[in-house]
Amino acid sequence: MDRSGVVQATLAPGHECRAAVQGTVLVGESNESRIFGLVECGNEFAIFMYTHRRMAIIADDVSLEEIVPISENFIIEEVIQNTYTIGSDATVKIISRDIDQALLLPFGSQTRIFVQEVQKACGEVSKQAAAGGFPLQFQWVAEYQQKKDSLLHRSREEEFTNDTVSSFTCAEDKMACKISGDSDLLALELDQEKVTEKEKDNNVDSIPEKQSSDFETFSEASTSSIAPAMSPEITDISNSNVMVTNKGHILGMPQFVLRDNLIKSELVKQEEKFTYIRDYRIFAGTYNVNGKSPKQDLKPWLSSDSEPPDIYCIGFQEIDLSKEAFLFNDTPKEEEWFLAVSQSLHPLATYAKIKLVRLVGMMLLLYVRKEHAADITEVEIERVGTGIMGRMGNKGGVSIRFQFHNTSLCIVNSHLAAHTEECERRKQDYREICSRMRFIQSNLPLTSLTIMKHDIIIWLGDLNYRICHPEVETIKKLITAKDYEKLIEFDQLTNHMKNLQVFRGFKEGPLNFHPTYKYDVGTDDWDTSEKCRVPAWCDRILWKGRNVKQLDYRSHMALRISDHKPVSSLFQVGIKVVNQDLYKKTYENIVRSLDRMENDSFPSVSLSKTEFHFENVKFMQLQVQTLVIANTGLVPCQFEFINKLNELTYCKPWFSATPNKGILIEGDRVEIDLEVYVNKTTALSLNMGVDRIEDILILHLKEGKDYFLAISGNYLSSCFGSSLHALCCMKEPIRDVLPERIQELERKAMENKYADCFPDEMQLEIPKEIWTMVDHLHRNASLQDDLFQQPGLKSEFEEIRDCLDTGIPEFLSGSGHSICEALLLFLDALPEPVITYQLYDKCLESSSSLTQFEQVVDMLPQCHRNVFNYLMAFLRELLKNASSNNLDVAVLASIFGAFLLRPPPNAANHYNPVICKKAAQLFISRFLTLRDG
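Residues numbered from 1 in each chain as written. Predicted model: local features only at pLDDT ≥ 70, side-chain atom pairs only at ≥ 80, totals over all residues. Heavy atoms only, no water.

> Can you help me understand the environment of proline 470 in this one?
Mapped onto the fold, proline 470 is located in the loop between β19 (456–462) and α12 (472–480). You can call proline 470 exposed: its relative accessible area is 71%. Remark: the alpha-carbon pair of proline 470 and valine 534, spanning 64 residues in sequence, is separated by 8.2 Å. (Helix = DSSP H or I, 4+ residues; strand = E, 2+ residues; numbered from the N terminus. Buried < 20%, exposed > 50% of the residue type's maximum accessible area, 1.4 Å probe, protein only.)

Shown next, in the form of structure tokens:
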């Protein structure tokens with residue numbers, strides 16, 4: 001495609017790009033994409049080579065890498081391959097005194113134009129030299145080179161300076177620790193240094209959290225009966241889709257990172273075209289608990305409104321005042337307050353814990369109503385200590401930022417410097433938190449967000465601003481009279497915000513409640529200690545952003561745990577919600593406008609359709625749909641299904657496309673078979689709900705754009721691929737069991753697969769599906785010859801599978817061979833074989849002693865042991881009819897040994913298959929021959 005436009009945009013006035021093309025530089029085994037431009041200045045020519053972004057349209061998208069002047073000794077020649085195919089790319093070599101480089105240029109008119117123009121330039125240079133013209137100087141080329149070198153030098157210099165300053169600061173801080181003689185502080189400072197290094201590596205969660213799980217659900221029903229010392233019932237609702245799905249986020253784009261920055265910026269500009277405002281209620285609360293434990297119910301604070309909020313942002317200060325908490329950032333009170341909050345959320349809704357972040361005594365909790373959890377994305381946390389040496393966490397802030405639909409929010413909980421006279425320290429703490437609080441963006445790993453780069457900011461905490469008046473009694477009289485308007489005149493924070501000294505741009509609601517500090521603990525009495533503190537509004541909640549309306553701002557006098565009173569604010573917040581249809585239309589319009597900017601030779605295709613739905617997918621039953629790709633462009637095109645970001649294959653394991661790549665000449669078309677097939681490796685994840693019949697395929701055109709195919713469908717749960725543990729808990733057919741129940745059983749089975757994990761469940765001794773197949777074979781096919789050696793019919797297997805999954809019809813149909821094959825397929829599809837992986841090595845290590853083999857079987861979980869004994873009894877019965885069915889011990893031991901004893905999948909390559917097969921055969925044969933049937 002023609003790239004002369006973007007090259008011309010980088011040139012100085014009077015310099016002209018005569019032709020340009022995008023290709024690759026062949027360096028050893030690697031191919032590096034570049035843009036090559038033939039640039040003319042006067043009678044001199046040079047080839048400019050640029051690195052570039054994927055879709056290079058403007059000058060900022062390219063960076064000049066190398067300049068090759070076209071002098072008398074410059075040569076360009078095409079390399080002719082031994083096997084030449086019409087439509088194949090061209091390999092071109094450029095040779096001069098300073099370079100010998102091979103370029104791979106795409107087939108098409110633009111490559112021909114570029115090569116011809118370079119050859120013409122070579123001819124003009126040769127004519128000029130032969131005529132004795134002015135010698136080539138290339139001073140204009142030197143100017144570009146100097147500019148490029150200057151930018152590179154400046155970049156390196158800045159990098160060196162930053163590293164040097166950082167190193168000097170760390171060294172200076174450590175030296176201060178050494179002078180203080182406090183080894184604990186030194187150790188903590190070294191830990192902080194490690195955190196800084198981790199931040200450089202984009203590791204946001206650099207300080208470990210005790211509460212590491214995201215998205216935990218709390219409801220009144222699940223917590224009301226739990227004692228304060230115990231954890232509430234927690235259901236982890238997090239999954240890969242919840243945390244990474246971000247369809248509405250205009251900067252994240254659809255997970256595949258195939259969109260250019262230009263498209264992203266255009267989407268930001270046109271955001272109003274595809275979003276609308278929806279109101280949500282956010283409860284923000286702050287409480288300095290003075291190192292006390294939660295001995296009171298927190299519902300008067302957290303559940304004081306009749307309507308449950310959609311989001312809770314709850315901040316604490318001073319949850320632990322001990323030295324251990326200060327030095328080691330570890331405290332048991334984190335768990336106490338976490339449980340107290342979880343049990344006091346509004347009883348009319350169920351909430352999911354999104355995140356907990358703590359630094360010494362500061363803790364911030366974020367909860368959201370469970371139905372909104374999937375709309376919370378891009379969750380990041382950060383901590384900034386502003387205490388001793390500007391580092392320690394006895395003062396500072398903790399923060400959680402997240403994306404709710406298409407609105408970014410940042411919640412900050414801070415504890416600023418204390419005492420009336422320390423206003424400057426409070427300003428400094430505030431500025432440090434603002435400057436040092438940076439969130440690494442997961443979708444843009446080299447960039448970071450500050451607090452102020454969010455749509456909505458809620459800042460809460462013990463800001464420690466005081467009522468500045470020398471007479472305590474005067475203040476108390478004003479409080480008794482509820483003359484809050486007069487009190488506010490002496491409030492430090494209000495005055496500093498008016499003077500734009502701190503919290504510029506933030507708002508605060510009217511202070512129509514008593515000051516929240518300082519009280520005698522356990523009472524509503526003002527401080528009676530010797531210090532007799534002046535009452536003050538230390539605990540505050542501020543906000544910044546559009547579409548925010550404060551519904552209420554209050555203190556909660558009923559809580560007497562601390563010398564502070566908790567404060568809360570209820571907001572009605574307008575959140576930008578994406579209309580997916582309008583978003584898609586806007587996105588497509590932007591891409592379409594960019595497409596029009598491309599050259600007419602841009603490869604293009606038409607697709608018969610882009611959405612494929614596979615209805616009622618069943619275990620081992622292939623479904624196929626056809627995609628037709630037609631080349632509608634003017635040049636041959638090469639297509640391929642490519643991998644999405646951070647994925648090893650282009651599709652889910654239950655899917656395939658045949659063919660998955662190829663070349664189409666002009667006007668040609670090809671049919672692609674899109675196949676969905678669930679087997680033993682994928683059935684369990686679909687049964688568990690971990691995976692679904694959903695995927696996006698990326699059809700990529702070389703030198704062209706990408707097309708997205710949506711794959712969807714529904715999977716019908718099957719006993720094939722289910723665990724023995726789960727099946728023993730299902731008295732009804734699996735299709736009659738709710739998906740949530742199946743997922744719960746399989747999750748428990750996965751977590752406790754080597755134990756009897758359902759002690760409180762009424763369980764079948766063996767799965768009814770195994771009993772059904774074995775009982776049918778015992779009654780109807782025990783005399784049939786070649787059992788387990790002759791395959792059954794696929795159509796009959798499907799009938800057997802459906803009968804087992806649905807219970808319809810009541811009795812199995814099909815031949816004995818088909819049922820035998822179904823039984824073996826069932827055993828093969830078990831996620832944990834009958835002889836569990838844990839005991840596989842013991843089976844191999846055992847000698848030929850039956851006693852040792854029996855000890856291994858006795859170590860199996862109950863349901864596995866029952867199944868093994870049942871199958872062995874059945875096979876011994878079959879051997880009693882060996883004269884009719886032609887079975888023998890060796891045949892059965894070999895067949896069933898392979899299905900009942902399987903090496904662990906992650907270690908299969910460590911075993912000798914021949915030795916393992918013999919050991920498994922010996923294991924089974926001992927039970928078939930030496931035990932009394």
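What follows continues from the structure just given.
> I keep staring at unusual backbone geometry and nothing clicks. Help me out?
Negative phi values dominate among residues other than glycine, just as trans dominates among peptide bonds. In this structure, lysine 518 follows tyrosine 517 across a cis peptide bond, with omega equal to 5°. Turning to its location among the elements, lysine 518 is positioned in the loop between α14 (492–498) and β20 (539–545). In this model, threonine 658 is joined to proline 659 through a cis peptide bond whose omega is -10°. Along the chain, proline 659 falls in the loop between β27 (655–658) and β28 (661–664). Its identity is not glycine, yet glutamate 378 carries a phi of approximately 50°, on the positive side. Among the secondary structure elements, glutamate 378 is positioned in strand β14 (residues 376–385). Among the residues examined, glutamate 378 registers a relative accessible area of 12% and is labelled buried. Residues other than glycine seldom take positive phi values, yet asparagine 616 does so here, at roughly 55°. Looking at the element boundaries, asparagine 616 is found in strand β24 (residues 611–617). Accessibility expressed as a relative area gives 33% for asparagine 616, which makes it partly exposed.

> Where do I start with the sheet that holds strand β15 (residues 396–404) in this structure?
What holds strands together in a sheet is hydrogen bonding between their backbones, with the strands either parallel or antiparallel. Taking strand neighbours across the sheet as the criterion, the five strands line up as β14-β15-β16-β19-β20 in an open arrangement whose pairing is mixed. In this open sheet, the two edge strands, each paired with only one partner strand, are β14 and β20. Taking each pair of neighbouring strands and ignoring which way they run, the sheet shows an average axis angle of 10°. In the packing of helix α11 (residues 423–436) onto the sheet, contacts are made with β14, β15, β16 (407–415) and β19, and the angle to β14 comes to roughly 135°. (Pairing = 2+ DSSP bridges. Axes fitted to C-alpha atoms, helices over the stretch in contact; angles between N-to-C directions. Contact = heavy atoms within 4.5 Å.)

> What is the right way to read the nonpolar core from this model?
Soluble globular proteins: nonpolar side chains tend toward being buried together. One finds Ile629, Phe788, Phe826, Phe868, Leu900 and Phe923 to be the most contacted residues of the largest nonpolar core, which totals 99 residues. Apart from the residues within four sequence positions on either side, phenylalanine 788 is in contact with Leu777, Cys820, Leu823, Leu824, Phe874, Leu875, Leu878, Leu892, Ile895 and Phe896. Core analysis: the second largest hydrophobic core is formed by 50 residues, Ile311, Met362, Val368 and Tyr517 among them. (Core = buried A, V, L, I, M, F, W, Y, C linked by side-chain atoms within 4.5 Å.)

> What's the story with the side chain of aspartate 539 in this structure? I'm lost.
Tracing the backbone shows aspartate 539 in strand β20. For the buried aspartate 539, which has no salt bridge, the nearest side chain bearing the opposite charge is arginine 540, at an N-O separation of 8.7 Å. Side-chain polar atoms of aspartate 539 contact the side chain of threonine 516, separated by 2.6 Å. A polar contact of 2.9 Å, which involves the side chain of aspartate 539, links it to the side chain of histidine 564. Discounting chain neighbours no more than four positions away, the residues touching aspartate 539 are Thr286, Asn288, Gln317, Gly461, Asp462, Thr516, Tyr553, His564, Lys565 and Val567. (Lys, Arg positive; Asp, Glu negative; His and termini not counted. Salt bridge = Lys/Arg side-chain N within 4 Å of Asp/Glu carboxyl O. Polar contact = N/O pair within 3.5 Å; in protein donor to acceptor, adjacent residues only side chain to side chain.)

> Sorry if this is basic, but what is going on with the pairing of strand β7 (residues 100–105) here?
Side chains on a regular strand alternate between the two faces of the sheet. Here strand β1 (residues 16–27) runs beside β7; their pairing, made up of two bridges, is antiparallel. Looking across to β7, one finds that valine 25 is bridged to leucine 103. Sheet topology note: the strand β6 (residues 90–95)/β7 ladder contains six bridges and is antiparallel. Looking at the pairing, lysine 93 lines up with alanine 102 of β7. Between β6 and β7, which follow one another and run antiparallel, lie four residues.

> How should a nonpolar patch on the surface be read in this particular structure?
A cluster of nonpolar side chains, Leu622, Val624 and Tyr677, forms an exposed patch at the surface whose accessible area comes to about 230 Å². Its location among the elements puts valine 624 in strand β25 (residues 623–631). (Patch = residues over 30% accessible without salt bridge, like charges linked within 9 Å, V, L, I, M, F, W, Y side chains within 5 Å. Areas by Shrake-Rupley, 256 points an atom, 1.4 Å probe, with all protein chains shown as cover.)

> Would you mind showing me how to read the pairing of β20 here?
Counting buried positions over the seven residues of β20 gives five, a clear majority of the element. Of the strand pairs in this sheet, β19 and β20 are connected by seven bridges, and their pairing is antiparallel. Within the sheet, the bridge partner assigned to leucine 460 lies in β20 and is isoleucine 541.

> Explain the packing of helix α24 (residues 862–879) against helix α26 (residues 889–900) here, please?
Each packed pair of helices is defined by two parameters, the angle between the axes and the distance between the axes. The geometry of α24 relative to α26 is characterised by a closest axis approach of 11 Å and an angle of 160° between their N-to-C directions. Classified by the angle between their axes, α24 and α26 sit roughly antiparallel to one another. Classified by chirality, the crossing of α26 by α24 is right-handed. Here α24 contributes Phe868, Leu871, Met872, Leu875 and Leu879 to the contact with α26, which in turn contributes Val889, Leu892, Phe896 and Leu900. Looking at the contact of α24 with α26, its residues break down into nine nonpolar, no polar and no charged. (Parallel < 35°, antiparallel > 145°, perpendicular 65-115°, else oblique. Left-handed = near helix turned anticlockwise from the far one by under 90°. Nonpolar A, V, L, I, M, F, W, Y, C, P; charged D, E, K, R; others polar.)

> Got a minute to help me understand the sheet that holds β24 in this structure?
An order of β24-β31-β30-β26-β28 is seen for the five strands of this open sheet, with the pairing classed as mixed. Strand pairing shows two members of the sheet lacking a second neighbour, β24 and β28, which therefore form its edges. Each adjacent strand pair in this sheet contributes to an overall mean axis angle of 20°, direction not counted. Relative to strand β30 (residues 694–701), strand β26 (residues 637–642) runs antiparallel, the two being bridged by four bridges.

> Sorry if this is basic, but what is going on with the environment of tryptophan 654 here?
Examined against the element boundaries, tryptophan 654 turns out to sit in the loop between β26 and β27. Its relative accessible area of 1% is what places tryptophan 654 among the buried residues. As for tryptophan 654 and threonine 682, which are separated by 28 residues in sequence, their C-alpha atoms are 6.5 Å apart. The residues contacting tryptophan 654, other than those within four sequence positions of it, are Glu675, Val676, Tyr677, Val678, Thr682, Leu686, Asp691, Arg692, Ile693, Glu694, Asp695 and Ile711.

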